[in-house]
Amino acid sequence: MSHSSSHQLTEFFSVVNAAADEETAVAAAVERAAEMVEAEVAAVVLADQVRGAWGFGTEVPSAGLLRADKRLGVPALGALHTCYTALGEDKKHGALMVGRLSAEFSPEERHVLQGMAQVLGLALRGIRVLSDERNLRADSERVAQVARTKQMLVETLLTIQRTISNRRPLPEILDAVTSGAAALLGADSVALMLAEEGRARRLTVASTAGTPEASTHDGDAREAMAGGQVVIRPLARDAVIAAPVQVTGEMTGSLVARLPGPVERHAEHREQLAAFAQQVSVALTDARTAEAAHEAHHDPVTGLPNRGLFLKIFNRVLASRDVATDPTSVLFVDLDRFKAVNDSLGHEAGDQLLAAVAGRIRGCVRASDTTARLGGDEFAVLLHDSPMDAATGVAERIVQAVKDPFRLAGRDIFIGASVGVAISRETAEHSDVLLNNADVAMYRAKKEGPGKVIVYEPYMHTEALNYLSLRGDLQKALDAGEFALQYQPLIRLATGEVTGVEALIRWHSPGRGLVSPVDFIPIAEESGLIVEIGQWVLETAAAQVATWRRTFPDLTLNVNVSGLQLVNPRFADDVMRALALAGLPSSAVTLELTESVLMSEPDLARSSLAALRTLGVQLSIDDFGTGYSSLAYLRELPVDELKIDRAFIARAELTAEDLALVRTIVQLGQILGLRVVAEGIENAAQLEALRSLSCACGQGYHLCRPADAADLPPFLERASLRHPNASLMA
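Draft legend 1. Quick look at the sheet that holds strand 3 (residues 71-74). With antiparallel pairing, the five strands of this open sheet are ordered in space as 2-1-5-4-3. With partners counted over all chains shown, the strands left at the sheet margins are strand 2 (49-54) and strand 3, one partner each. For this sheet, the mean angle separating the axes of adjacent strands, direction not counted, is 30°. Here strand 3 runs beside strand 4 (residues 78-86); their pairing, made up of four bridges, is antiparallel. Counted as the bridge partner of V74 is G78 from strand 4.

Here it is in structure tokens:
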């Protein structure tokens, strides 16, 4: 029920019950009822007579009205949809009829009309009682009592209706119904019993007034619900009345009253309790409608406005501002590493994390600002009266707040946030354009690395289009067979022996040519495609190395693994399946992970690494020395190999400082019992320096460039025959 409908129903109560005679009451009722549901005609049928016909003109189709036709033909109007609502327990007491051309009446409208009909029936019976009492000159005290009861009923129902109209909390409204009914009826107890969801439909007490005896009247409540009518039953010294409650045509409960004295004393209380039960129906219908409206505009996980409501608010702000004095900013917030948490810990933990993030974001902004969840792990913040400096300051606070660990499932979870900022500059700007600009800036921020804040500039739009185009092409590349692998040998530096090969992915795009992994791997990770691509790399490389091992039985395989793969709960099974398909022993495989991957989710990483070790695969830390892992943590990790980042040996002639750093890493590996591999060996001087430092293995263009699978066997053959002191050049 809409807010305006509640007010109109309140007004209907007042007007009808203020009428001094039947004619006035009926005339007011039909006019207000037609207005309430936007009907063309309305009438009241009493004692086989049409009364108060409204909207028919000079010809009233009395026969059709008395038959209660569902489709009523009216001269000059045509066939109308009709709704007949009894003024009492059934239509023998009379009925309120409304008819309209446009559409059939909804369940909510029928509830409103039912409430009107019951109020009208009570009013007419009150008027008749007063009229009879006056005509017969009966007991004046009886007349006064009826008048007082009628007035009390009207005032009580009006009070309840106002609480509904004013959107008071539902428990408060229901308590007003039970306490009001108990006072008016003089009941020992009044209880509202509502049916729970589920097959059993167990009844529970939602509100009670007087002595708590509701549980003893479960049968009476169910009988009223089953028959859809008021039930009255005598007890030893008391009486029980139960009136059904329904919402949009479904029986949802019953209002049960226990009254002192025999049943005969409470005949008039049947209809009075039914009027209170109708108020419960109105309140529950109104609450469901309000809840549905809230759910339609708010995110159920965080309680924040959704995208639709956010854009409506944004448009109102833009329309009411003065650009010169009221700069408006919008932030687009995207979480880093959220998908890994969601995949590894489950959607329930993911929802808890999103709710916690929403709380931290709201803690960084003013109460006057608007925070919304756009979907997935994306949020938006609308900052009123905020120029660029203020907006970027808020964005930095959000980044810092999200960077702090979250406690979920008994462990600390680390994520991050990238934020794009867009500032309104023109009077005619639209909310969706500004939000899109902030989105573009956010993608630029993610490209520069996690935890960045970037302000939108027009040139970024072209970059964003290129980015989206690249992402679209990447999604098609795997199915189209556009990926290929090259292999780069790992060389034992002391002997020149090839110990293994590292699989390196290459993308030959038909439209773009050769696309660097530096450009497409971050996009694959962000979109989640890296899991599928990584599995293809593992399966393809494992099959190739298994073939080579028939000639070179000691050859091993190194494969790079992304963070999304590592925290995927199915990753260990995927690895086992790939090796089984290829017929490659797990001891011949080394999975390479970067320090940043291992440290971003240390608990998840440790658990996943332990599962991989049970398979028997080897584990390597790639680009070692550029991250931030502690020695204590490194000692706990079940790894077998350290790969020295190429940055430490990038100079053509290594300096004393370079040599000292490399020596430290080599010695650290020896102490921990780990293989040490140097990457990026580009010349003979670097090779000789690493040999002198006792570095076990190396890779680089000086030793062998990455090669296609068809071109590598000759090199493997030559390396197996090479003298230790011979040149390693291919």
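Draft legend 2. Representation of the sheet that holds strand 16 (residues 416-423). If you walk across this open sheet you meet the five strands as 12-13-11-16-17, and the pairing is mixed. Of all the strands in the sheet, just strand 12 (370-375) and strand 17 (453-455) have a single pairing partner and so form its edges. Between one strand axis and the next, the sheet turns by 20° as a mean value, whatever way the strands run. Of the pairings in the sheet, the one linking strand 11 (residues 329-336) to strand 13 (residues 378-383) comprises six bridges and is antiparallel in character. By the bridge assignment, V330 is partnered in strand 13 with L382. Strand contacts of helix 9 (residues 307-320): strand 11, strand 12 and strand 13, with the helix running at about 20° to strand 13, the strand carrying the most contacts.

Draft legend 3. Summary view of helix 2 (residues 22-36). In this model, helix 2 (15 residues) spans 21 Å end to end at C-alpha, consistent with the 21 Å of a helix rising 1.5 Å per residue. Residues of helix 2 that are buried include every one of E22, A25, V26, A28, A29, V30, A33, A34 and M36, and no others. The opening residue of helix 2 is D21, an N-cap whose side-chain oxygen sits 3.3 Å from the backbone nitrogen of E23. Remark: E38 follows helix 2 within two positions and exhibits a positive phi of approximately 55°.

Draft legend 4. Quick peek at the side chain of E592. Position of E592 relative to the elements: it lies in strand 22 (residues 589-594). Classification of E592 by relative accessible area gives buried; the value is 1%. Beyond its immediate sequence surroundings of up to four residues, E592 is in contact with E502, N558, V559, N560, V561, S620, D622, E641 and K643.

Draft legend 5. Structural view of the pattern of salt bridges. Per the stated rule, a full pass over the model turns up 23 salt bridges. Residue K446 pairs with D336 through a salt bridge whose shortest N-O separation is 2.6 Å. With a gap of 110 residues between them, K446 in helix 13 (residues 431-448) and D336 in strand 11 connect regions that are remote in the sequence. Considered together, K446 and D336 belong to a single accessibility category, that of buried residues. E592 serves as the salt-bridge partner of K643, at 2.9 Å between the closest nitrogen and oxygen. Of this pair, K643 sits in strand 24 (residues 641-644) while E592 is found in strand 22, placing the two residues 51 residues apart along the sequence. Comparing K643 with E592 shows no difference in burial state: the two are buried. Salt bridges linked by common partners bring E502, E592, K643 and E679 together as one network.

Cut-offs and rules
Residues numbered from 1 in each chain as written. Predicted model: local features only at pLDDT ≥ 70, side-chain atom pairs only at ≥ 80, totals over all residues. Heavy atoms only, no water. Pairing = 2+ DSSP bridges. Helix = DSSP H or I, 4+ residues; strand = E, 2+ residues; numbered from the N terminus. Axes fitted to C-alpha atoms, helices over the stretch in contact; angles between N-to-C directions. Contact = heavy atoms within 4.5 Å. Expected span 1.5 Å × (residues − 1). Buried < 20%, exposed > 50% of the residue type's maximum accessible area, 1.4 Å probe, protein only. Polar contact = N/O pair within 3.5 Å; in protein donor to acceptor, adjacent residues only side chain to side chain. Salt bridge = Lys/Arg side-chain N within 4 Å of Asp/Glu carboxyl O.

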